[in-house]
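Overview (structure and organization)
What follows is the residue order along each chain.
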Amino acid sequence: MNIRTAPAATGFRAVARDWLAQNFPPSLAGRQEEWVIHQPLYPEGEDWAAWKTAMADKGWAVPTWPTDYGGGGLTQEEAKILKEEMEAIGAFSPIGGMSQNMFGPTLLEFGTEEQKQKHLPPVVRGDIRWCQGYSEPGAGSDLAGLKTRAEDKGDHYLVNGQKIWTSGSVHAHWCFCLVRTDTTKKHEGISFLLIDMSSPGIEVRPLLLMSGNSTFGEVFFTDVKVPKENLVGGLTEGWTIAKRLMQFERSGIGARKQTHGELRPVDVVAKDYVGTDAEGRIADYDLRSRITRHRMWERAHRLTVERVAEESKAGPSAATSVLKNAGSIMLQTRGELLLEIMGMDGLGWEGDAYGETEQETLRVTLQNKAHSIYGGTYEIQNNIIAKRILGMLDHQ
Ligand SMILES: Cc1cc2nc3c(=O)[nH]c(=O)nc-3n(C[C@H](O)[C@H](O)[C@H](O)COP(=O)(O)OP(=O)(O)OC[C@H]3O[C@@H](n4cnc5c(N)ncnc54)[C@H](O)[C@@H]3O)c2cc1C
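Keep in mind the model is a prediction, meaning the values are calculated, not measured.

Another point: unusual backbone geometry. One non-glycine residue, tryptophan 165, lies in the positive phi region at around 60 degrees. With respect to the helices and strands, the residue tryptophan 165 is situated in strand 3 (residues 156–166). Of note, the phi angle at threonine 236 is positive, near 65 degrees, even though the residue is not glycine. When you line up the elements, threonine 236 lands in the loop between strand 8 (231–232) and helix 7 (238–254). Given a relative accessible area of 27%, threonine 236 falls into the partly exposed group.

What follows concerns the site of the ligand. Surveying the vicinity of the ligand reveals 18 residues, the closest of which are Ser135, Ser141, Trp165, Thr377 and Glu379. Serine 135 has a polar backbone atom sitting 2.6 Å from an oxygen atom of the ligand. Asparagine 383 has a polar side-chain atom sitting 3.1 Å from a nitrogen atom of the ligand. Alone, the ligand offers 970 Å² of accessible surface; in the complex the protein occludes 65% of this. Ranked by residues supplied to the shell around the ligand, first place goes to helix 12 (residues 378–389) with three residues. Classifying every residue of the shell around the ligand gives eight nonpolar, nine polar and one charged. Each of domain 2 (130–238) and domain 3 (255–389) gives at least three residues to the shell around the ligand.

Let us now look at the confidence of the model for the protein. Confidence in the prediction for the protein averages 89 pLDDT; 92% of positions are at 70 or higher. When the criterion is pLDDT under 50, residues 1–6 qualifies, and its contacts beyond four places in sequence or with other chains add up to one contact. Below a pLDDT of 50 lies the segment residues 258–262, which in the model reaches 21 contacts outside its immediate sequence neighbourhood of four places, other chains included.

What follows deals with the environment of valine 124. Tracing the sequence through the fold places valine 124 in helix 6 (residues 113–124). Among the residues examined, valine 124 registers a relative accessible area of 2% and is labelled buried. Placed 103 residues apart in sequence, valine 124 and alanine 21 show a C-alpha to C-alpha distance of 22 Å. Those residues in contact with valine 124 that sit more than four places away from it in its chain are Ala56, Gly59, Val62, Trp65, Tyr69, Gly70, Gly71, Ile95 and Gln100.

What follows covers the nonpolar core. One finds Tyr134, Phe176, Leu178, Phe192 and Leu194 to be the most contacted residues of the largest nonpolar core, which totals 28 residues. Looking at this core, the elements that each hand over two or more residues are helix 5 (98–110), helix 6, strand 4 (174–180), strand 5 (190–196) and helix 7. The element best represented in this core is helix 7, accounting for five residues. Both domain 1 (23–95) and domain 2 (130–238) contribute no fewer than three residues apiece to this core. If we skip the residues at most four places from it in the chain, leucine 194 touches Phe103, Leu107, His119, Trp130, Trp174, Cys175, Phe176, Val226, Asn230 and Val232.

Another aspect to go through is the pairing of strand 4. Among the seven residues of strand 4, seven are classified as buried, and the element is accordingly described as predominantly covered. The side-chain alternation of strand 4 yields two buried faces, one formed by Trp174, Phe176, Leu178 and Arg180 and the other by Cys175, Cys177 and Val179. Pairing analysis gives four bridges linking strand 1 (residues 130–133) to strand 4, with the strands arranged parallel. Opposite glutamine 132, over in strand 4, you have phenylalanine 176 as the bridge partner. With seven bridges joining them, strand 4 and strand 5 adopt antiparallel strand pairing. What sits directly across from leucine 178, in strand 5, is phenylalanine 192.

Our next topic: the side chain of arginine 180. Here arginine 180 is to be found in strand 4. One buried charged residue, arginine 180, remains without a salt bridge, the closest side chain of opposite sign being aspartate 182 at 6.5 Å. In this structure the side chain of arginine 180 is engaged in a polar contact, spanning 3.2 Å, whose partner is the backbone oxygen of aspartate 182. For arginine 180, the side chain forms a polar contact with the main-chain oxygen of lysine 186, separated by 3.1 Å. Residues in contact with arginine 180, not counting those within four places in the same chain, are Ala144, Gly145, Leu146, Thr148, Arg149, Ala150, Lys185, Lys186, Gly189 and Ile190.

Another point: the environment of glycine 70. Relative to the helices and strands, glycine 70 is located in the loop between helix 3 (46–58) and helix 4 (76–88). It is 21 Å that separates the C-alpha atoms of glycine 70 and aspartate 196, two residues lying 126 residues apart in sequence. In contact with glycine 70, not counting residues within four places along its chain, are Gly59 and Val124.

Rules of the game
- Residues numbered from 1 in each chain as written.
- Predicted model: local features only at pLDDT ≥ 70, side-chain atom pairs only at ≥ 80, totals over all residues.
- Heavy atoms only, no water.
- Helix = DSSP H or I, 4+ residues; strand = E, 2+ residues; numbered from the N terminus.
- Buried < 20%, exposed > 50% of the residue type's maximum accessible area, 1.4 Å probe, protein only.
- Near = heavy atom within 4 Å.
- Polar contact = N/O pair within 3.5 Å; in protein donor to acceptor, adjacent residues only side chain to side chain.
- Areas by Shrake-Rupley, 256 points an atom, 1.4 Å probe, with all protein chains shown as cover.
- Nonpolar A, V, L, I, M, F, W, Y, C, P; charged D, E, K, R; others polar.
- Domains from an automatic or database assignment.
- pLDDT = per-residue confidence, 0-100.
- Contact = heavy atoms within 4.5 Å.
- Core = buried A, V, L, I, M, F, W, Y, C linked by side-chain atoms within 4.5 Å.
- Pairing = 2+ DSSP bridges.
- Lys, Arg positive; Asp, Glu negative; His and termini not counted.
- Salt bridge = Lys/Arg side-chain N within 4 Å of Asp/Glu carboxyl O.

As structure tokens, then:
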């Protein structure tokens, strides 16, 4: 399809293409899954380090953030072009995760100038990692039931309580945390606090994930002193900020790259493992038809993600719940198909008998089981869709 391109956009496309040709190491093409599985740390290697530095210096990991905070200062249109040019060569941002996709955009909206100046530049460079202190043993889907207390002690807050399922907490430098500052109200008693993870009184206990990734943990706070300047927004205004951050979270999860075309498409993998018929098609008719359906869904999902991003100029909305659930179906279907296609070869956990891609496929598939849990479960997204988009359940 020919799309008429504005001269300015044509100019930026050439600039982006040229810069990527000079800075993106071809050895990393299409290797985003390695970055995803290593998060919040980085895969080792000179090519990874060079690419991270280049993107940090340029600010293009967060292309539309203001240059004042280290961002790229690009327009939405330029950022879209950059994304297209990166996808065309299998490039991806080597800096990301919740620091950039969730915490950063939220602080841009709600933080003070001092908070933005202090916290955003290190996030752009990928030097400081944040974790999300939302869930507690008694507060997951019913998040507003959280009990971790922050008491006003004059010049600081004193925090006591426990968080659980905290991704990346084992390596995190800071935590954006929901705390209760008023016990007489539920949603209106919550505040949004930034907590330095090196503060005395914080203990992180690792939890193992079935994918083998263990940067996950429980976080215990015992008499942790937090300076008052670390409060984001007003006291007891944390629920509004928390919900906005979850919209950024869901929009990122729903658009996750594995659903996009830069990974090896399932049909290509299937031809390698299952073989082809006389016409060059996947030999197994039933598998072929299921893969075709999956590829059509993938394509439709991708186009919908792009359309929603273009239409929602004010940032993510309740529609992100639809994309999050659709994204869960995409990723989990992809994983199940790949394991079926690989057969016994797809069950390798470690050892020479299994290829690196095969082992990684199993780990990513197991990791993606959690896609329909974190950021709010599949059922909770359906509740949000019913209430906020379809206007049902008004009586609640
Ligand atoms: C891999 C992974 C990473 C995570 N990372 C983080 C993180 O970094 N920070 C963080 O704070 N949390 C994190 N979480 C926690 C996650 O947000 C919670 O697990 C999730 O919100 C569900 O809460 P819960 O586990 O307490 O389950 P529950 O709330 O107890 O839910 C149990 C089941 O009941 C269903 N259910 C509950 N209420 C309703 C309802 N009203 N209607 C219909 N069904 C309902 C749920 O859908 C679910 O199936 C992570 C979780 C996982 C698995």
